[in-house]
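Single-letter residue listing:
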Amino acid sequence: MAGKDFRIAPSILSADFARLGEEVRGVIAAGADLIHFDVMDNHYVPNLTVGPLVCEAIRPFATVPIDVHLMVKPVDRIVPDFAKAGARIISFHPEASEHIDRTLSLIRDEGCKAGLVFNPATPLFYLDHVMDKVDLILIMSVNPGFGGQSFIASALDKIAAARRRIDASGRDIWLEVDGGIKADNIGKAAAAGADTFVAGSAIFGEKDRVGAIRRMREALKRATIGA
Ligand code: DX5
Ligand code: ZN
């Protein structure tokens, strides 16, 4: 099981947007493995954030991969723009695409890793026929749209179910969790099978980002030793 190779992905949603480049540089220096980039369209989700232009703007600061989480509908039109703007991973919600298989292929054709995102009430059966086209599965532990929400505990069973699917496939698919992740619950998400952890408010909401990421890594270490 690919459990030891943990990745921490600070979500810039909780960063200071007036100083975004410095914020990105700061969390990478503090130990971030990915930069999670939340794209909201005020249509698929009730909030509006940033697009390819801002992705391109942070690109020189992002010495780790940019992990773009699309909360937009439709999906396909905007995928090439993000690939050109420096995205390395592009994930989308199956409900937001009319042709999921086509969107997954489009993302890979653009040279990125392709991810499928599952809202709390979205069943995993969307994976049934596309495991060979997915590089990342993202389990939402909040309903998408806002940072700073509380972790929905039923996500743990869903992470475990996704882990079983990944292990059964024998493929190298990352299992990411997003929403309400803190140092005090990250261990449970890891024990359930997640290997990649998005955290917005728990990192950017802290002045001491080094300490925030260190506490998460310590919790992950305890979870693997204790497991
Ligand atoms: C929610 C976003 C998350 C969010 C996480 O719709 O997809 O990435 O920024 O923020 P926290 O960690 O504060 O829940
Ligand atoms: Zn996200």
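The structure presented is a predicted model; accordingly, all values stated were derived computationally and were not measured.

Trainee: Quick one: what's the story with the overall build of the chain, residue by residue and with numbers?
Mentor: Tallying secondary structure elements over the chain gives eight helices and eight strands in all. In terms of overall dimensions, the chain is globule-like: its C-alpha atoms have a radius of gyration of 16 Å, near the 17 Å expected for 227 residues. Along the three orthogonal principal directions, the C-alpha set of the chain runs to about 40 × 40 × 30 Å. Restricting to contacts in the chain with at least 6 residues of sequence separation, those with at least 24 account for 63%. Taken as a whole, the chain presents about 9900 Å² of accessible surface, with 52% of it coming from carbon and sulfur. Counting 27 positive and 29 negative side-chain charges, the chain places the averaged centre of each group 4 Å from the other.

Trainee: Would you mind going over the coordination of the zinc ion (ligand 2) in detail, with residue names and values included?
Mentor: Coordination of the zinc ion (ligand 2) by the protein is provided by His36 (NE2), Asp38 (OD), His69 (ND1) and Asp178 (OD), with metal-donor distances spanning 2.1 to 2.3 Å. Seen from the zinc ion (ligand 2), its six donor atoms lie at angles of 69 to 170°, and the figure they make is octahedral. Ordering the donors of the zinc ion (ligand 2) by residue number gives the pattern H-x1-D-x30-H-x108-D. In this pair, histidine 36 is assigned in strand β2 (residues 35-40) and aspartate 178 in strand β7 (residues 174-178), connecting sequence segments 142 residues apart. Each of the two residues, histidine 36 as well as aspartate 178, counts as buried.

Trainee: Describe the sheet that holds strand β4 (residues 87-92), with residues and values.
Mentor: Strands sit in the order β1-β8-β7-β6-β5-β4-β3-β2 across an open sheet of eight strands; the sheet is parallel. Looking at which strands have only one partner, the edges of the open sheet turn out to be β1 (7-10) and β2. Recorded for the sheet is a direction-independent mean angle of 25° between the axes of neighbouring strands.

Trainee: Could you give me a rundown of the environment of aspartate 109, with the residues and numbers involved?
Mentor: Along the chain, the position of aspartate 109 falls in helix α4 (residues 100-109). Judged by its relative accessible area of 67%, aspartate 109 is exposed. Separated by 48 residues in the primary sequence, aspartate 109 and phenylalanine 61 place their C-alpha atoms 25 Å from one another.

Trainee: An account of the packing of aromatic side chains is requested, with residue identities and associated values reported.
Mentor: Tallying each qualifying case throughout the model produces three aromatic pairs. Taken together, a centroid distance of 6.1 Å and an interplanar angle of 70° make the contact between phenylalanine 37 and phenylalanine 82 edge-to-face. Here phenylalanine 37, found in strand β2, pairs with phenylalanine 82, found in helix α3 (residues 79-84); they are 45 residues apart in sequence, far enough to count as distant. Both residues of the pair, phenylalanine 37 and phenylalanine 82, count as buried. Between the aromatic rings of phenylalanine 125 and tyrosine 126, the centroid separation amounts to 5.1 Å while the plane-to-plane angle is 40°, which identifies the pairing as tilted. Given the relative accessible area of 28%, tyrosine 126 is considered partly exposed.

Trainee: Give me the lowdown on the nonpolar core, citing residues and values where you can.
Mentor: Counting 71 residues, the largest nonpolar core has Phe37, Val68, Leu70, Ile137 and Phe197 as its most contacted members. Setting aside chain neighbours within four positions, we find leucine 70 in contact with Val39, Val75, Ile78, Val79, Phe82, Ile90, Ser91, Phe92 and His93.

Trainee: Help me get a handle on the layout of surface pockets, residues and values and all.
Mentor: For the largest pocket, the calculated volume is near 160 Å³. Forming the boundary of the largest pocket are 14 residues, of which Val39, Asp41, Val72, Pro74 and Ile78 lie nearest the centre. Looking at the lining of the largest pocket, its residues break down into nine nonpolar, two polar and three charged.

Trainee: Before we move on, could you go through helix α1 (residues 20-29) and cite the residues and values that matter?
Mentor: Residues Leu20, Gly21, Glu23, Val24, Val27 and Ile28 constitute the buried set of α1. Viewed along the axis of α1, the buried residues span an arc of 165°, placing them on a single side of the element.

Trainee: Which residues make up the site of ligand 1, and what values do they have?
Mentor: With respect to spatial proximity, 20 residues lie near ligand 1, and among them Asp38, Gly145, Asp178, Gly200 and Ser201 are the closest. Taking glycine 145, its main chain carries an N or O atom lying 2.8 Å from an oxygen atom of ligand 1. Between ligand 1 and glycine 148, the relevant distance is 2.8 Å, taken from an oxygen atom to a main-chain nitrogen or oxygen of the residue. Within the complex, 100% of the 380 Å² of free accessible area of ligand 1 lies under protein. Of all the secondary-structure elements, those providing two or more residues to the shell around ligand 1 are β2, β3 (66-71) and β8 (196-199). If one sorts the elements of the shell around ligand 1 by residue count, β2 sits on top with three residues.

The rules behind the values
Residues numbered from 1 in each chain as written. Chains lettered and ligands numbered in written order. Predicted model: local features only at pLDDT ≥ 70, side-chain atom pairs only at ≥ 80, totals over all residues. Heavy atoms only, no water. Helix = DSSP H or I, 4+ residues; strand = E, 2+ residues; numbered from the N terminus. Rg over C-alpha atoms; globule rule 2.2 N^0.38 Å. Contact = heavy atoms within 4.5 Å. Areas by Shrake-Rupley, 256 points an atom, 1.4 Å probe, with all protein chains shown as cover. Lys, Arg positive; Asp, Glu negative; His and termini not counted. Charge placed at Lys NZ, Arg CZ, Asp CG, Glu CD. Donors = N, O, S within 2.8 Å, 3.2 Å for Na, K, Ca; no water. Tetrahedral: all angles 85-135°; square planar, octahedral: opposite > 155°, others 65-115°. Buried < 20%, exposed > 50% of the residue type's maximum accessible area, 1.4 Å probe, protein only. Pairing = 2+ DSSP bridges. Axes fitted to C-alpha atoms, helices over the stretch in contact; angles between N-to-C directions. Phe/Tyr/Trp six-rings, centres within 6.5 Å; stacked < 30°, edge-to-face > 60°. Core = buried A, V, L, I, M, F, W, Y, C linked by side-chain atoms within 4.5 Å. 1 Å grid on protein atoms, 1.4 Å probe; cavity = no way out; pocket = protein on both sides within 12 Å on 5 of 7 lines; lining within 4 Å. Points joined across faces, edges and corners; volume = space filled by probe spheres on them. Nonpolar A, V, L, I, M, F, W, Y, C, P; charged D, E, K, R; others polar. Arc of directions from axis to C-beta. Near = heavy atom within 4 Å. Polar contact = N/O pair within 3.5 Å; in protein donor to acceptor, adjacent residues only side chain to side chain.

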